[in-house]
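Here are the chains, one letter per residue:
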Amino acid sequence: MEILPLTGGLGAEIFGADIRRSEDFIAIEAAFAKYSVVVLRGQAAGPEDHLAFARRFGPINVNRFFKPVEGHPEIAMVLKEKDQAEAVGEGWHTDHSYDKEPAMGSILRAIEMPPFGGDTLFVSMGAAYEALSAPMRRFLDELTAVHSSRHVFGAAAADSEAARSGRLGNAGAATQEVSHPVVITHPLSRRRGLFINPVFTTRIEGLSPTESDAVLTMLYAHCQQPEFQCRVRWQASDIAMWDNRATWHKAINDYHGFRRLMHRVTVEGVPLSGASAA
Ligand code: SIN
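Residues numbered from 1 in each chain as written. Predicted model: local features only at pLDDT ≥ 70, side-chain atom pairs only at ≥ 80, totals over all residues. Heavy atoms only, no water.

**Focus: the sheet that holds strand 8 (residues 120-124)**
Then, number 1: In spatial order, the strands read 14-8-16; together these three strands make up an open sheet with antiparallel pairing. With one partner strand each, in any of the chains shown, strand 14 (229-232) and strand 16 (247-251) form the two edges of the open sheet. Neighbour to neighbour, the strand axes of the sheet diverge by 20° on average, direction disregarded.
Then, number 2: With four bridges connecting them, strand 8 and strand 14 associate as antiparallel partners. Bridged to Phe-122 within strand 14 is Cys-230. (Pairing = 2+ DSSP bridges. Helix = DSSP H or I, 4+ residues; strand = E, 2+ residues; numbered from the N terminus. Axes fitted to C-alpha atoms, helices over the stretch in contact; angles between N-to-C directions.)

**A few points about the layout of surface pockets**
Then, number 1: Here the largest pocket is characterised by a volume of approximately 470 Å³.
Then, number 2: Forming the boundary of the largest pocket are 29 residues, of which Ala-87, Val-88, Gly-89, Glu-90 and His-93 lie nearest the centre.
Then, number 3: With three residues, the top contributor of residues to the lining of the largest pocket is strand 16.
Then, number 4: Counted by class, the lining of the largest pocket contains 15 nonpolar, eight polar and six charged residues.
Then, number 5: Forming the walls of the second largest pocket are 21 residues, and the residues nearest its centre are Ala-33, Ser-36, Ser-189, Arg-191 and Ala-246.
Then, number 6: Of all the elements in the fold, those that place two or more residues in the lining of the second largest pocket are helix 1 (22-35), helix 3 (125-130), strand 11 (183-185) and strand 12 (192-194).
Then, number 7: Examining the composition of the lining of the second largest pocket, we find that four residues originate from one element, helix 1, more than from any other. (1 Å grid on protein atoms, 1.4 Å probe; cavity = no way out; pocket = protein on both sides within 12 Å on 5 of 7 lines; lining within 4 Å. Points joined across faces, edges and corners; volume = space filled by probe spheres on them. Nonpolar A, V, L, I, M, F, W, Y, C, P; charged D, E, K, R; others polar.)

**Digging into the site of the ligand**
Then, number 1: With respect to spatial proximity, the complete set of residues near the ligand consists of Val-78, Gly-89, His-93, Asp-95, Leu-108, Thr-120, Trp-242, His-249, Ala-251, Arg-260 and Arg-264.
Then, number 2: At 2.6 Å from an oxygen atom of the ligand is found a side-chain nitrogen or oxygen belonging to Thr-120.
Then, number 3: Within the side chain of Arg-264, one N or O atom sits 2.7 Å away from an oxygen atom of the ligand.
Then, number 4: Summarising the interface, the protein chains cover 100% of the accessible area of the ligand, which totals 250 Å² for the free molecule.
Then, number 5: Secondary-structure elements contributing two or more residues to the shell around the ligand are strand 16 and strand 17 (260-267).
Then, number 6: Of the residues contributing to the shell around the ligand, the split by class is four nonpolar, four polar and three charged. (Near = heavy atom within 4 Å. Polar contact = N/O pair within 3.5 Å; in protein donor to acceptor, adjacent residues only side chain to side chain. Areas by Shrake-Rupley, 256 points an atom, 1.4 Å probe, with all protein chains shown as cover.)

Below, the structure is given as structure tokens:
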């Protein structure tokens with residue numbers, strides 16, 4: 001097995017591993033803990049292998065809003081057809097941050113890829129936090145923010161192409177609204193990192209709307225610096241796993257006229273602790 005870092009910020013490619021082999025798991029798990037994003041190249045895996053690999057990390061967290069894969073209700077379909085304009089997950093986000101216990105990780109399996117493009121970008125939220133000034137870190141360490149599913153998956157989104165085409169649904173279940181620390185202590189590494197994201201975070205508690213918007217806008221611009229990023233260029237049969245407590249991600253929608261099909265499984269997480277837990 002060969003493990004090659006993708007950038008200085010986060011992410012690694014893994015060659016020569018097989019998600020079906022139990023003897024490969026410890027090294028994959030260690031790489032996941034170290035790099036936050038791992039790309040397992042060339043996996044001859046099917047839906048059952050995908051689920052079995054996810055269960056090695058913990059129970060499956062079934063997504064409420066994505067259309068499931070037929071015969072596999074625990075697997076979410078991430079699809080853009082060649083005649084569709086919008087991709088799912090185009091905005092910077094953290095999967096399931098609107099849940100009380102946000103999913104610890106997401107595992108995406110590339111089934112059908114366009115001939116070019118369709119990459120996924122990731123950000124290290126630990127690196128972004130550490131690059132802030134000490135006074136700004138101290139200010140943020142005390143704050144909490146609200147995350148919601150309503151504006152993204154609820155009735156307000158019913159007219160989106162994803163909802164109209166049936167890729168996203170179950171709008172009535174979009175009732176989640178939860179408060180998390182703006183800075184969390186990662187449950188495993190104990191590293192501090194920012195835990196806010198442009199798609200699901202609606203406001204910072206205790207600040208006026210103007211103050212909250214200004215702070216979030218500043219943080220979102222800060223986090224998008226290339227120094228904190230890695231980019232995954234997919235090939236069909238690759239599997240990537242990322243840590244939702246340590247990263248943001250974004251699907252790049254630059255392959256119009258081509259189909260892209262992925263299967264995603266998310267793994268249950270734990271309640272998040274703030275900066276003082278470090
Ligand atoms: C997602 O947001 O989970 C999907 C990312 C992708 O399709 O690249």
